[in-house]
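Chain residues, written in single-letter form:
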Amino acid sequence: MKVYPKIPRYDHPVVPSSMFDADDLTLCEKFDGSSFRFTLYDERYSDHYPEQVSMAADGDGSLVFGTRRSIRGSHHDSLETVDGALHRAVRTLRDGIDTEALRTVHESYDTPAVVYAENLVYSTLDYGYTERALPALVGFDALPYSAIKTMTPPGNPYEETFDGFLSWETASDIFEQIRVEDVPTTESFVPATVLERPSDGFEPETYTFPTSSLAPEVQVEGVVARTDEHGYRVKLVRDEFRELNREQFGRQPADAESGAEYVVAAFCTPGRIRKQVRKLVIEEDHEFGLHLNDELYPRVVEDMWAENWPELMELDVSFIPAEIYPLVANRCRCNPSYICIVRRYIETHHVQSCITEFDPARDADTTERRWQEGTDTFGRIYEVALGVTDPTPYTEIAEIADCSPNAAKKHLERLTEMGIVRADRESRPARYERNQAYLEWQDASRIADELTVDEIIDRVKRLEEERAEYEEQFDTTDPTTVSVFDYEDHERVHEQMAAVSDWQGVIRDIRLYELARQLSQNDGHLIPA
């Protein structure tokens, strides 16, 4: 199935101002949920489907579904094998979609079609999940398979247009045809809500956001302006929606001591981190663990730049982009509650509908579900401590690990003696943080176990060649001194930011592989025994 194209902000450089004067301009409500797509496996068109879809299908008539990046299965699959965040969506595919009507759509276009929808699971806005019945899936686009072959992804994902997608009138007609009406609302599929069709042009800067069609007391997250005439979709997100996430910060922008800290405080929100965690773990099926941060923080930075580039370019503070990456990486992993928030989701998503999977608030009724059954106090303290990279009072660690302060301090002292944790006993109360050297030792030991000395040496040589190329490219040996804002082109700046991040990763890998080489050559020691 075709991955849905990226939708740029209304003020992104790839968006022509002329699109807001299009005769067919349509404003649809932007819902705060999760990406979802499905297609009917029709044996008459078996040669049209990619291998992933054919493999996931359970015979003719299967509705194969997926999240933004991954094919997740068939609607015939047992719910026990399906992610809990997708349960309502899968039930809707079973009971709320008329597969025979979808077959008729295939016949009309002589090709299968992909249906794109929003999976209404709790994210940031609460539409009243506990007070009212809400539809499971909201359809917003449809694409015939025959059009996929004409699409060549550009270097800039925001330059991919929506040529080949069905018009809103056609797509919404199909949605009405394939939806089953006499099903419970919570298992229903509905078309997206059209808020307005401007007839005299449209001014995004002065647009007044209405309330949501799902809940009259909730203002919409934003709107998607679409024109099939020009083949564009663009989004407008209200400022107050972004502020809902910013209010959760520990350090406010006003407290920042440098330009880089200001940027991270203003734009690296817990909601943005949770969004990327959800994409990695739920949509792309990555295994949860501390290693997740290696992919997480670059994505968070990319999302910051993609979504907020106008604000970043107009800031009155100066900063070096290379300094953003380590600060974001630290924010992604240093907040102890992050570990518990995500772990709580991982442990419960197979049995819950994910209405509160990322709710950071402590809830006495759900405390027991935060940890796997049988996890003892030491195990909980150990896992929380590994997520702490700033000195943190042992009382806070105790709260997150669901144990008494005295028990937490006792186990933290034990971990300090083992070299896993570093302690600041002069503070009142005493503060603890993980020992980064211990984690690097673990990584190096794993490399030493998996590779031979010659393989490690070969890897170091290739890494050093990459480092030399970066040093030549930027004419410096220190990536933190690079300023990428010497370019006016947004995409060029973004490419340079990504290159600096990769360069820093190469430097870290050289350090780890060198450590692994020493361990491997000296039988687990840094110096000959």
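Not measured: the values here are computed from a predicted model. (Residues numbered from 1 in each chain as written. Predicted model: local features only at pLDDT ≥ 70, side-chain atom pairs only at ≥ 80, totals over all residues. Heavy atoms only, no water.)

Caption draft 1: Structural context of the overall build of the protein chain. Secondary structure assignment for the protein chain yields 17 helices and 13 strands. Once local pairs closer than 6 in sequence are excluded, the contacts in the protein chain between residues at least 24 apart make up 71%. About 24500 Å² of surface is accessible on the protein chain, with carbon and sulfur atoms providing 45% of the total. (Helix = DSSP H or I, 4+ residues; strand = E, 2+ residues; numbered from the N terminus. Contact = heavy atoms within 4.5 Å. Areas by Shrake-Rupley, 256 points an atom, 1.4 Å probe, with all protein chains shown as cover.)

Caption draft 2: Inspection of the sheet that holds strand β9 (residues 222-227) at higher detail. Here we have 4 strands laid out as an open sheet, ordered β8-β1-β9-β10, and antiparallel in their pairing. If you trace the sheet from one side to the other, it starts and ends with β8 (194-196) and β10 (232-237), each paired once. Taking each pair of neighbouring strands and ignoring which way they run, the sheet shows an average axis angle of 35 degrees. As judged from the 5 bridges shared by strand β1 (residues 26-30) and β9, these two strands associate in the antiparallel manner. (Pairing = 2+ DSSP bridges. Axes fitted to C-alpha atoms, helices over the stretch in contact; angles between N-to-C directions.)

Caption draft 3: Examining the pairing of β10 more closely. β10 sits mainly inside the fold: 6 of its 6 residues count as buried. Of the two faces of β10, the one holding Y232, V234 and L236 and the one holding R233, K235 and V237 are both buried throughout. Where β9 and β10 come together, 6 bridges link them in antiparallel fashion. If you follow A225 over to β10, its bridge partner there is V234. (Buried < 20%, exposed > 50% of the residue type's maximum accessible area, 1.4 Å probe, protein only.)

Caption draft 4: Looking closely at the nonpolar core. Ranked by size, the top nonpolar core spans 39 residues in total, and within it F38, Y127, I178 and F189 carry the most contacts. Residue assignment for this core shows that the elements contributing at least two residues are β2 (34-40), β3 (63-66), α2 (87-95), α3 (99-109), β5 (113-119), β6 (137-144), α5 (168-178) and β7 (189-191). When residues of this core are assigned to their parent elements, the largest contribution, 5 residues, is made by α5. In this structure, F38 is in contact with M1, L63, V64, F65, L93, I97, L102, A113, V114, V115, I178 and F189, ignoring residues within four places of it in sequence. Core analysis: the next-biggest nonpolar cluster, separate from the first, contains 25 residues, A266, I273, M304 and W305 among them. (Core = buried A, V, L, I, M, F, W, Y, C linked by side-chain atoms within 4.5 Å.)

Caption draft 5: Structural view of α5. Of the residues making up α5, those classed as buried are W168, A171, S172, I174, F175 and I178. Angular distribution of buried residues about the axis of α5 spans 155 degrees; they occupy a single face of the element. (Arc of directions from axis to C-beta.)

Caption draft 6: Representation of a negative patch on the surface. A cluster of acidic residues, E464, E465, E469 and E472, forms a negative patch on the protein surface. Considering the arrangement of structural elements, one finds E472 in helix α16 (residues 453-474). By relative accessible area, E472 is classed as exposed at 69%. (Patch = residues over 30% accessible without salt bridge, like charges linked within 9 Å, V, L, I, M, F, W, Y side chains within 5 Å. Salt bridge = Lys/Arg side-chain N within 4 Å of Asp/Glu carboxyl O. Lys, Arg positive; Asp, Glu negative; His and termini not counted. Charge placed at Lys NZ, Arg CZ, Asp CG, Glu CD.)

Caption draft 7: Up close: the packing of aromatic side chains. On inspection of all chains with the given rule, the structure shows 18 aromatic pairs. Consider the rings of F202 and Y207, whose centres lie 5.5 Å apart with planes at 70 degrees: the pair is edge-to-face. Y207 carries the same exposure label as F202, and that label is buried. Following the ring pairs from residue to residue traces out a cluster consisting of F36, F38, F65, W168, F175 and F189. Lying over the aromatic face of Y513, R459 brings its terminal NZ or CZ to 5.7 Å of the ring centre. (Phe/Tyr/Trp six-rings, centres within 6.5 Å; stacked < 30°, edge-to-face > 60°. Lys NZ or Arg CZ within 6 Å of the ring centre and 35° of its normal.)

Caption draft 8: Structural view of the sheet that holds strand β13 (residues 431-434). Here we have 3 strands laid out as an open sheet, ordered β11-β13-β12, and antiparallel in their pairing. With partners counted over all chains shown, the strands left at the sheet margins are β11 (392-393) and β12 (421-424), one partner each. In this structure, β12 lies alongside β13, joined through 4 bridges in antiparallel fashion. The residue of β13 that forms the bridge with D424 is R431.

Caption draft 9: Quick peek at the confidence of the model for the protein chain. Here the protein chain averages 79 in pLDDT, and 80% of its residues register 70 or above. Segment residues 524-529: pLDDT under 50, and 10 contacts once partners within four positions in sequence are set aside and those in other chains are kept. (pLDDT = per-residue confidence, 0-100.)

Caption draft 10: Spatial organisation of the side chain of H106. Residue position: H106 is located in helix α3. Not counting residues up to four positions away in its chain, the partners in contact with H106 are L40, D42, R44, Y45, Y49, T111, P112 and A113.

Caption draft 11: Layout of the pattern of salt bridges. Scanning the model with the defined rule gives 19 salt bridges in all. A salt bridge links E169 to R197; the nearest nitrogen and oxygen atoms lie 3.8 Å apart. Residue E169 is located in helix α5, and its partner R197 is located in the loop between β8 and β9; the two are separated by 28 residues in the primary sequence. Between D509 and R508 there is a salt bridge whose closest N-O contact spans 3.9 Å. Its relative accessible area of 26% is what places R508 among the partly exposed residues. The network of salt bridges with common partners includes D42, R44, D60, E100, R103 and E107.

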